[in-house]
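Remarks on the overall topology
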Amino acid sequence: MSTIADNIARVEARIRAAALAAHRDEHSVRLLAVSKTKPAEALREAYAAGVREFGENYLQEALGKQAELADLPLSWHFIGPIQSNKTRAIAENFAWVHSVDRLKIAQRLSEQRPAELPPLNICIQVNVSGEASKSGCAPDDLPALASAISALPRLTLRGLMAIPEPTEDRAAQDAAFAAVQTLNEHLRDHLDLPVDTLSMGMSHDLESAIAQGATWVRIGTALFGARDYGQP
Ligand SMILES: *Cc1c(COP(=O)(O)O)cnc(C)c1O
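These remarks concern the structure in this document. (Residues numbered from 1 in each chain as written. Predicted model: local features only at pLDDT ≥ 70, side-chain atom pairs only at ≥ 80, totals over all residues. Heavy atoms only, no water.)

As for the pattern of salt bridges
A full pass over the atoms with the stated rule returns nine salt bridges. Ionic pairing is found between Arg-170 and Asp-174, a salt bridge with its closest N-O pair at 2.7 Å. Within this pair, Arg-170 and its partner Asp-174 are both found in helix H7 (residues 170-190), separated by four residues, close to a single helical turn. Among the residues examined, Arg-170 registers a relative accessible area of 38% and is labelled partly exposed. Here the salt bridges share partners, and the residues they tie into one network are Glu-56, Glu-61 and Lys-65. (Salt bridge = Lys/Arg side-chain N within 4 Å of Asp/Glu carboxyl O. Helix = DSSP H or I, 4+ residues; strand = E, 2+ residues; numbered from the N terminus. Buried < 20%, exposed > 50% of the residue type's maximum accessible area, 1.4 Å probe, protein only.)

Pasting the structure below:
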(Lines give C-alpha, C1' and ligand atoms only; values in the text may rest on other atoms or scores of the structure.)
Protein backbone atom coordinates (compact mmCIF):
# COMPACT_ATOMS: atom_id res chain seq x y z
CA MET A 1 0.00 0.00 0.00
CA SER A 2 1.41 3.37 -0.91
CA THR A 3 1.66 6.13 1.64
CA ILE A 4 0.37 9.65 1.27
CA ALA A 5 3.97 10.81 0.81
CA ASP A 6 4.40 8.37 -2.11
CA ASN A 7 1.15 9.61 -3.63
CA ILE A 8 2.23 13.23 -3.32
CA ALA A 9 5.52 12.47 -5.06
CA ARG A 10 3.62 10.72 -7.85
CA VAL A 11 1.16 13.59 -8.31
CA GLU A 12 3.96 16.17 -8.25
CA ALA A 13 5.74 14.17 -10.96
CA ARG A 14 2.53 14.16 -13.05
CA ILE A 15 2.23 17.93 -12.60
CA ARG A 16 5.87 18.47 -13.64
CA ALA A 17 5.54 16.23 -16.68
CA ALA A 18 2.31 17.94 -17.78
CA ALA A 19 3.83 21.40 -17.34
CA LEU A 20 6.90 20.37 -19.29
CA ALA A 21 4.76 18.92 -22.10
CA ALA A 22 2.86 22.22 -22.26
CA HIS A 23 6.07 24.29 -22.22
CA ARG A 24 5.03 25.85 -18.94
CA ASP A 25 7.06 26.64 -15.83
CA GLU A 26 6.24 23.82 -13.38
CA HIS A 27 5.98 26.38 -10.57
CA SER A 28 3.08 28.06 -12.35
CA VAL A 29 0.90 25.06 -11.37
CA ARG A 30 0.10 24.65 -7.68
CA LEU A 31 -1.22 21.61 -5.87
CA LEU A 32 -4.37 22.00 -3.79
CA ALA A 33 -4.84 18.87 -1.67
CA VAL A 34 -8.57 18.10 -1.46
CA SER A 35 -9.04 16.50 1.92
CA LYS A 36 -12.82 16.19 2.26
CA THR A 37 -13.87 13.13 4.30
CA LYS A 38 -10.24 12.48 5.33
CA PRO A 39 -9.16 12.69 8.98
CA ALA A 40 -6.82 15.37 10.32
CA GLU A 41 -4.10 12.74 10.60
CA ALA A 42 -4.04 12.36 6.80
CA LEU A 43 -3.56 16.12 6.39
CA ARG A 44 -0.75 16.01 8.93
CA GLU A 45 0.97 13.37 6.80
CA ALA A 46 0.56 15.51 3.70
CA TYR A 47 1.95 18.49 5.60
CA ALA A 48 5.01 16.45 6.59
CA ALA A 49 5.54 15.73 2.88
CA GLY A 50 5.45 19.44 2.04
CA VAL A 51 1.78 20.23 1.26
CA ARG A 52 0.51 23.53 2.71
CA GLU A 53 -2.72 24.22 0.79
CA PHE A 54 -5.86 22.21 1.56
CA GLY A 55 -9.30 22.28 -0.06
CA GLU A 56 -12.45 21.38 1.85
CA ASN A 57 -16.08 21.09 0.68
CA TYR A 58 -18.06 20.89 3.92
CA LEU A 59 -17.86 23.74 6.41
CA GLN A 60 -18.38 21.90 9.70
CA GLU A 61 -15.93 19.19 8.74
CA ALA A 62 -13.36 21.81 7.68
CA LEU A 63 -13.70 23.82 10.90
CA GLY A 64 -13.12 20.66 12.93
CA LYS A 65 -9.91 19.88 11.06
CA GLN A 66 -8.74 23.49 11.29
CA ALA A 67 -9.08 23.27 15.07
CA GLU A 68 -7.21 19.96 15.22
CA LEU A 69 -4.42 21.29 13.00
CA ALA A 70 -4.16 24.79 14.47
CA ASP A 71 -0.48 24.11 15.29
CA LEU A 72 0.39 23.92 11.56
CA PRO A 73 0.76 26.90 9.16
CA LEU A 74 -1.82 25.70 6.62
CA SER A 75 -3.75 27.66 4.01
CA TRP A 76 -7.41 26.70 3.65
CA HIS A 77 -9.51 26.84 0.49
CA PHE A 78 -13.29 26.41 0.44
CA ILE A 79 -14.31 24.53 -2.72
CA GLY A 80 -17.87 23.28 -2.02
CA PRO A 81 -21.37 24.65 -2.58
CA ILE A 82 -22.08 27.70 -0.39
CA GLN A 83 -25.32 28.42 1.44
CA SER A 84 -25.96 32.01 2.60
CA ASN A 85 -25.97 31.06 6.26
CA LYS A 86 -22.41 29.69 5.96
CA THR A 87 -20.74 32.77 4.49
CA ARG A 88 -19.62 34.33 7.78
CA ALA A 89 -17.68 31.27 8.92
CA ILE A 90 -16.18 30.90 5.44
CA ALA A 91 -15.15 34.57 5.37
CA GLU A 92 -13.53 34.20 8.77
CA ASN A 93 -11.69 30.91 8.30
CA PHE A 94 -10.43 30.55 4.73
CA ALA A 95 -7.85 32.22 2.49
CA TRP A 96 -9.53 31.28 -0.80
CA VAL A 97 -13.04 30.43 -2.01
CA HIS A 98 -13.17 28.63 -5.38
CA SER A 99 -16.91 28.05 -5.62
CA VAL A 100 -18.60 31.46 -5.81
CA ASP A 101 -21.33 31.42 -8.46
CA ARG A 102 -23.66 34.24 -7.50
CA LEU A 103 -23.39 37.84 -6.43
CA LYS A 104 -25.36 37.57 -3.21
CA ILE A 105 -22.82 35.11 -1.81
CA ALA A 106 -19.91 37.31 -2.88
CA GLN A 107 -21.48 40.38 -1.28
CA ARG A 108 -21.92 38.55 2.01
CA LEU A 109 -18.34 37.22 1.94
CA SER A 110 -17.04 40.76 1.35
CA GLU A 111 -19.16 42.27 4.13
CA GLN A 112 -18.20 39.52 6.55
CA ARG A 113 -14.47 39.30 5.82
CA PRO A 114 -12.75 40.39 9.07
CA ALA A 115 -10.88 43.70 8.78
CA GLU A 116 -7.68 42.24 10.21
CA LEU A 117 -7.40 39.60 7.48
CA PRO A 118 -6.22 40.27 3.90
CA PRO A 119 -8.93 40.30 1.21
CA LEU A 120 -10.43 36.89 0.49
CA ASN A 121 -9.21 35.35 -2.79
CA ILE A 122 -12.13 34.41 -5.02
CA CYS A 123 -12.59 32.18 -8.04
CA ILE A 124 -15.92 32.21 -9.82
CA GLN A 125 -17.18 28.70 -10.54
CA VAL A 126 -18.29 28.58 -14.14
CA ASN A 127 -20.47 25.90 -15.68
CA VAL A 128 -19.02 24.79 -19.01
CA SER A 129 -21.02 21.54 -19.10
CA GLY A 130 -24.51 23.01 -19.50
CA GLU A 131 -27.33 20.83 -18.28
CA ALA A 132 -24.90 18.27 -16.87
CA SER A 133 -24.01 20.52 -13.95
CA LYS A 134 -26.24 22.27 -11.46
CA SER A 135 -23.62 24.57 -9.96
CA GLY A 136 -21.60 27.28 -11.56
CA CYS A 137 -22.38 30.55 -13.29
CA ALA A 138 -23.56 30.30 -16.92
CA PRO A 139 -20.86 31.59 -19.30
CA ASP A 140 -23.25 34.29 -20.57
CA ASP A 141 -23.68 35.67 -17.06
CA LEU A 142 -19.98 35.62 -16.24
CA PRO A 143 -18.85 39.10 -17.40
CA ALA A 144 -21.47 40.91 -15.31
CA LEU A 145 -20.83 38.73 -12.26
CA ALA A 146 -17.05 39.13 -12.54
CA SER A 147 -17.31 42.93 -12.88
CA ALA A 148 -19.58 43.16 -9.84
CA ILE A 149 -17.36 40.91 -7.72
CA SER A 150 -14.21 42.78 -8.70
CA ALA A 151 -15.76 45.95 -7.22
CA LEU A 152 -16.33 44.41 -3.78
CA PRO A 153 -13.85 45.86 -1.28
CA ARG A 154 -12.89 42.82 0.80
CA LEU A 155 -12.55 40.31 -2.04
CA THR A 156 -9.84 39.83 -4.66
CA LEU A 157 -11.19 38.24 -7.82
CA ARG A 158 -8.42 35.85 -8.92
CA GLY A 159 -10.05 33.93 -11.79
CA LEU A 160 -12.24 30.95 -12.57
CA MET A 161 -12.92 27.46 -11.27
CA ALA A 162 -14.61 24.66 -13.20
CA ILE A 163 -15.61 21.04 -12.71
CA PRO A 164 -16.38 19.76 -16.23
CA GLU A 165 -18.49 16.66 -16.66
CA PRO A 166 -16.12 13.73 -15.92
CA THR A 167 -14.84 11.92 -18.99
CA GLU A 168 -11.82 9.80 -19.87
CA ASP A 169 -11.81 11.24 -23.41
CA ARG A 170 -8.81 13.55 -23.62
CA ALA A 171 -10.22 15.61 -26.48
CA ALA A 172 -13.42 16.28 -24.52
CA GLN A 173 -11.38 17.20 -21.43
CA ASP A 174 -9.25 19.59 -23.49
CA ALA A 175 -12.31 21.25 -25.04
CA ALA A 176 -13.94 21.91 -21.67
CA PHE A 177 -10.80 23.31 -20.04
CA ALA A 178 -9.97 25.38 -23.11
CA ALA A 179 -13.43 26.97 -22.84
CA VAL A 180 -12.67 27.98 -19.24
CA GLN A 181 -9.34 29.48 -20.28
CA THR A 182 -11.02 31.45 -23.06
CA LEU A 183 -13.57 32.86 -20.60
CA ASN A 184 -10.77 33.94 -18.24
CA GLU A 185 -8.87 35.60 -21.10
CA HIS A 186 -12.01 37.49 -22.00
CA LEU A 187 -12.25 38.87 -18.45
CA ARG A 188 -8.61 39.91 -18.61
CA ASP A 189 -8.43 41.30 -22.14
CA HIS A 190 -11.89 42.80 -22.64
CA LEU A 191 -12.95 43.74 -19.11
CA ASP A 192 -9.44 44.59 -17.92
CA LEU A 193 -9.81 42.45 -14.79
CA PRO A 194 -6.43 41.33 -13.35
CA VAL A 195 -7.28 37.62 -13.21
CA ASP A 196 -4.32 35.24 -12.87
CA THR A 197 -5.89 31.98 -11.72
CA LEU A 198 -7.52 28.93 -13.28
CA SER A 199 -8.62 26.35 -10.71
CA MET A 200 -9.23 23.23 -12.79
CA GLY A 201 -8.10 19.64 -13.02
CA MET A 202 -8.72 16.77 -10.59
CA SER A 203 -7.14 13.34 -10.13
CA HIS A 204 -8.27 11.94 -13.49
CA ASP A 205 -7.79 14.96 -15.74
CA LEU A 206 -4.98 17.12 -14.34
CA GLU A 207 -2.82 16.61 -17.47
CA SER A 208 -5.47 18.11 -19.73
CA ALA A 209 -6.17 20.98 -17.31
CA ILE A 210 -2.49 21.89 -17.12
CA ALA A 211 -2.22 21.83 -20.91
CA GLN A 212 -5.08 24.36 -20.97
CA GLY A 213 -3.58 26.71 -18.39
CA ALA A 214 -4.58 25.46 -14.91
CA THR A 215 -2.78 27.26 -12.07
CA TRP A 216 -4.41 25.26 -9.23
CA VAL A 217 -5.09 21.56 -9.64
CA ARG A 218 -7.47 20.24 -6.97
CA ILE A 219 -6.44 16.67 -6.17
CA GLY A 220 -8.17 14.34 -3.72
CA THR A 221 -8.26 10.65 -4.65
CA ALA A 222 -4.75 10.49 -6.13
CA LEU A 223 -3.32 11.81 -2.84
CA PHE A 224 -5.51 10.34 -0.14
CA GLY A 225 -7.09 7.32 -1.82
CA ALA A 226 -10.76 6.70 -2.58
CA ARG A 227 -13.32 8.39 -0.36
CA ASP A 228 -15.22 5.89 1.77
CA TYR A 229 -18.75 7.18 1.44
CA GLY A 230 -20.69 8.59 -1.47
CA GLN A 231 -19.05 11.99 -1.88
CA PRO A 232 -18.70 13.55 -5.32
C1 LIG B 1 -13.70 16.20 -4.47
C2 LIG B 1 -13.29 17.37 -5.29
C3 LIG B 1 -12.05 17.41 -5.95
C4 LIG B 1 -11.06 16.26 -5.95
O5 LIG B 1 -11.48 15.24 -6.80
P6 LIG B 1 -10.60 13.90 -7.03
O7 LIG B 1 -11.20 13.30 -8.23
O8 LIG B 1 -10.75 13.08 -5.80
O9 LIG B 1 -9.19 14.34 -7.24
C10 LIG B 1 -11.72 18.56 -6.65
N11 LIG B 1 -12.55 19.61 -6.70
C12 LIG B 1 -13.75 19.62 -6.08
C13 LIG B 1 -14.62 20.82 -6.18
C14 LIG B 1 -14.15 18.50 -5.37
O15 LIG B 1 -15.36 18.51 -4.78
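Focus: the layout of surface pockets
By volume, the second largest pocket amounts to about 310 Å³. For the second largest pocket, the lining is made up of 14 residues, of which Glu-12, Ile-15, Val-29, Arg-30 and Leu-31 are closest to its centre. Listing elements by their share of the lining of the second largest pocket, those giving two or more residues are helix H1 (4-21) and strand S1 (30-34). Counting residues per element, the lining of the second largest pocket draws most heavily on H1, at three residues. (1 Å grid on protein atoms, 1.4 Å probe; cavity = no way out; pocket = protein on both sides within 12 Å on 5 of 7 lines; lining within 4 Å. Points joined across faces, edges and corners; volume = space filled by probe spheres on them.)

A word on the packing of helix H6 (residues 142-150) against H7
Where H6 contacts H7, the two axes come as close as 11 Å, and the packing angle between them is 50 degrees. Our classification of the angle between H6 and H7 gives oblique. Crossing geometry of H6 relative to H7 is assigned as right-handed. Residues Leu-142, Pro-143 and Ala-146 of H6 form the contact with H7, whose own contacting residues are Leu-183, His-186 and Leu-187. (Axes fitted to C-alpha atoms, helices over the stretch in contact; angles between N-to-C directions. Parallel < 35°, antiparallel > 145°, perpendicular 65-115°, else oblique. Left-handed = near helix turned anticlockwise from the far one by under 90°. Contact = heavy atoms within 4.5 Å.)

Examining the site of the ligand
Every one of the 13 residues lining the ligand counts as a neighbour, but Lys-36, Asn-57, Ser-203, Thr-221 and Arg-227 are closest to it. With respect to the ligand, the side chain of Lys-36 contributes an N or O atom lying 2.6 Å from an oxygen atom. Ser-203 has a polar side-chain atom sitting 2.5 Å from an oxygen atom of the ligand. (Near = heavy atom within 4 Å. Polar contact = N/O pair within 3.5 Å; in protein donor to acceptor, adjacent residues only side chain to side chain.)

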